[in-house]
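Listed here are the chains, written in short residue letters.
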Amino acid sequence: MITDKNLLDRPGPTHLPENAGERGGVPPAGREAPAPAEAVAKCPTFFLARAMLADDVFEAGLL
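A short tour of the structure in this document, coming up. Since the model is a prediction, treat every value here as computed from it, not as a measurement. (Residues numbered from 1 in each chain as written. Predicted model: local features only at pLDDT ≥ 70, side-chain atom pairs only at ≥ 80, totals over all residues. Heavy atoms only, no water.)

**Observations regarding the overall build of the protein chain**
Filter applied, for reference: Secondary structure is summarised from DSSP: a helix means a run of H or I of at least four residues, a strand means a run of E of at least two, and numbering begins at the N terminus for each. For every residue, the accessible area (1.4 Å probe, protein chains only) is compared with the maximum for its type, and the residue is labelled buried under 20%, exposed over 50%, or partly exposed between those bounds. Method for areas: the Shrake-Rupley scheme with a 1.4 Å probe, in which residue coverage is limited to the protein chains shown.
For the protein chain, the helix and strand inventory stands at two helices and zero strands. Classification of the 63 residues of the protein chain by burial places 11% in the buried group. With an accessible surface of roughly 5900 Å², the protein chain has 59% of that area assigned to carbon and sulfur atoms.

**What to know about helix α2 (residues 47–59)**
Note the threshold: Under the convention used throughout, the expected extent of a helix is 1.5 Å for every residue step, that is, one less than its residue count.
Relative to the 18 Å expected for 13 residues at 1.5 Å per residue, α2 spans 18 Å between its end C-alpha atoms, a close match to the ideal helical length. Among the residues trailing α2, G61 stands out with phi positive, at a value near 75°.

**So, the environment of A51**
Note on placement: A51 falls in helix α2. By relative accessible area, which is 40% here, A51 ends up partly exposed. Measuring from C-alpha to C-alpha, the distance between A51 and P36 comes to 8.5 Å, with 15 residues separating the pair along the chain.

Have a look at this one:
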């Protein structure tokens, strides 16, 4: 396999996918946010909710 691309060059940038569902975990101003477990269940790709859920699990000593 021969390519013309320099494979020793720096890798390209990492692009996270556009995720319209992420807004599903962020409530409008004045409303209380759902629990992280609820937000993850509603939108499993919502990174912030997943991180908050991991923090809750760690703090509870379940890991």
